[in-house]
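Listed here are the chains, written in short residue letters.
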Amino acid sequence: MKGLELTVTMVVWTAVMWYTCEGNCDLNPVILVPGSGGNQLEARLTDEYEPPSQLCGERYPLFKERGGWFRLWFRPALLLAPFTQCFAHRMMLYYNPLIDDYDNTPGVETRVPCFGSTRSLLYLDPHFKRATLYMEPLVKALKHLGYVDSETLFGAPYDFRYGLAADGHPSRVGTKFLEDLKNLIEKASISNGGKPVILVSHSLGGLFVLQLLNRNPPSWRKQFIKHFVALSTPWGGAVQESRNLASGYTLRAPLVDPLLVRDQQRSSESNLWLMPSPKVFGGLPLVVTENATYTANDVAQFLNDIGFSEAIDLYKSRIAPLVEKLPAPEVPVTCIFGSGVRTPETLFYDESGFDKQPEIMYGDGDGTVNMVSLAALQSEWADLKNQSLKTVRVEGASHLSMLRDAKGVKRVVKEIKDILGITSDISMM
């Protein structure tokens, strides 16, 4: 009887392991890299913090975690004008010329929760899941393929206010993120039997990933990267960023004055990185006033004229050299982006100046990023023999719906299944 019991046990164990491997063992690990504003940020205040008003003192918000930590991004209260000021002040970055780098508002410490997990990418506020939905539908679809959070599926959240800088200039926070992402890639691969990783980025995340790949040797890329899937990536920036810096932008939130957040948006290192690049936008008219027409070749003059002259040298020295080229990483790349959505193409300001929101002429894109930027790699890498590139347009998909709506998510997962060699039709939603 004992021999029979042992045989039955072994058969059952083999069946369980076979079933488990059907769902997991053939999957290359996937790492999700969000876009700007695509993950939660936490903060706490120190004695050094000087609030802009009594309301913004250390007692706000009332409820904090152990150690005084609270969610800085995102909180619905920031949509109410008195609290918008608190949010903007705490989110500000400051450039320090003594160290040639950016830092937080004095007295504000920040951290990124749940690095390595997808938890902080699902919703920007877990108490308002429907209103702050981000990557949850895509994560859910990947789990239907057999992916498991923190085992075969990973998240790489970061402080999206910070960016990267050209050679010779430090970018402490952005560079640390690239180091953390590289370590996560290696650990994900090693913990999954040495299988190379599929990187799936959204928006700004794609620019970070491309920088990571090109800052590491071909041997490393060959060993650890199977594929790079870039969703809705602004390879050459976006006209919308010109609006952010000139007039402020609140995603059409009705109760918030854009001027309340303009200084904060100007302070963001990554927003300078997302300005339309001359390489991609060339001489296209982007901003028109009564006295001037600005193209991507006129960013320095534009910054001066909107009253943001302190950013001119930063743009010229730290950003312009960074966006001069789009070097191919020589790993397979798939770009997926929406099209057919009205996207700001030219901004028109009247005699009221930049404190008033512009009139807008729209063109093709995904509602946030212009088509010329989304599709930039097609022409840039067209003649490169060592670079595999596939582009997929999803008609009617907006910048965010690629992650949230069934049509966009289905197409993203289809491409991942093709990369994995999965041909069966698996329900995703």
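For the structure itself, consult the block above.
Summarised in this report is the structure supplied together with it. A quick note: this is a predicted structure, and the numbers were derived from the prediction, not measured.

Once that is clear, we can look at the overall build of the chain. The helix and strand tally for the chain stands at 17 helices and 15 strands. A compact globule built from 429 residues would reach a C-alpha radius of gyration of about 22 Å, and the chain, at 23 Å, matches this within 12%. Dimensions of the chain along its principal axes, counting C-alpha atoms only, are 90 × 55 × 40 Å. Of all 429 residues assigned to the chain, the portion counted as buried reaches 53%. The contacts of the chain with a sequence gap of at least 6 include a subset with a gap of at least 24, amounting to 75%. With the model as given, the accessible surface of the chain reaches about 19,900 Å², and the carbon-plus-sulfur share is 54%.

This next bit is on the sheet that holds strand β11 (residues 293–294). Taken together, 4 strands build an open sheet; the order of strands is β11-β10-β13-β14 and the sheet is mixed. Among the strands making up the open sheet, the edge pair consists of β11 and β14 (359–363). In terms of strand pairing, strand β10 (residues 287–288) meets strand β13 (residues 343–348) through 2 bridges, oriented parallel. Note on β13: the bridge partner recorded for V287 is L347. This element, helix α8 (residues 239–247), spans β10, β13 and β14 of the sheet and lies at about 45° to β13.

As enumerated under the stated definition, the model contains 16 salt bridges in all. Note that R161 and D159 form a salt bridge whose closest N and O atoms lie 2.7 Å from each other. Because the salt bridges share partners, they merge into one network encompassing D100, D101, E269 and R318.

On to the pairing of strand β4 (residues 93–96). As defined by bridge partners, β4 adjoins strand β5 (residues 101–104) across 4 bridges and the pair is classed as antiparallel. Bridge assignment links L93 to a residue of β5, and that residue is N104. Once β4 ends, the chain turns through 4 residues before running back antiparallel as β5, passing D100 with a positive phi of about 55°.

To continue, consider the nonpolar core. Grouped together as the largest cluster of nonpolar side chains are 86 residues, with contacts concentrated most on I31, I185, W235 and L303. Take this core: its biggest share by element is 7 residues, from helix α6 (residues 204–214). Excluding residues within four positions of it along the chain, W235 makes contact with G206, L207, L210, F228, A230, L326, C335, S373, L374, A376 and L377. Residues L138, A141, V200 and M402 belong to the second largest nonpolar core, which totals 31 residues.

Here the focus is the environment of M371. In this structure, M371 sits in helix α14 (residues 371–374). In contact with M371, other than residues within four places in its own chain, are F337, G338, S339, D364, G365 and R393.

A separate point is the packing of aromatic side chains. For any two aromatic rings, the description comes down to two numbers: the centre-to-centre distance and the angle of the planes. Applying the stated criterion across every chain, the model contains 14 aromatic pairs. Each ring, one from W73 and one from F87, has its centre 5.9 Å from the other, and the planes form 35°; the classification is tilted. Within this pair, whereas W73 is found in strand β3 (residues 70–73), its partner F87 is found in helix α2 (residues 81–91), the two being separated by 14 residues in sequence. By the burial criterion, W73 is buried, and F87 matches it. The structure contains a cluster of three or more aromatic residues connected by ring pairs, namely W73, F74, F87 and F160. When the ring centre of W69 is taken as reference, the NZ or CZ atom of R111 above it lies at 4.2 Å. Lying over the aromatic face of Y362, R342 brings its terminal NZ or CZ to 3.9 Å of the ring centre.

Scoring rules and cut-offs
- Residues numbered from 1 in each chain as written.
- Predicted model: local features only at pLDDT ≥ 70, side-chain atom pairs only at ≥ 80, totals over all residues.
- Heavy atoms only, no water.
- Helix = DSSP H or I, 4+ residues; strand = E, 2+ residues; numbered from the N terminus.
- Rg over C-alpha atoms; globule rule 2.2 N^0.38 Å.
- Buried < 20%, exposed > 50% of the residue type's maximum accessible area, 1.4 Å probe, protein only.
- Contact = heavy atoms within 4.5 Å.
- Areas by Shrake-Rupley, 256 points an atom, 1.4 Å probe, with all protein chains shown as cover.
- Pairing = 2+ DSSP bridges.
- Axes fitted to C-alpha atoms, helices over the stretch in contact; angles between N-to-C directions.
- Salt bridge = Lys/Arg side-chain N within 4 Å of Asp/Glu carboxyl O.
- Core = buried A, V, L, I, M, F, W, Y, C linked by side-chain atoms within 4.5 Å.
- Phe/Tyr/Trp six-rings, centres within 6.5 Å; stacked < 30°, edge-to-face > 60°.
- Lys NZ or Arg CZ within 6 Å of the ring centre and 35° of its normal.

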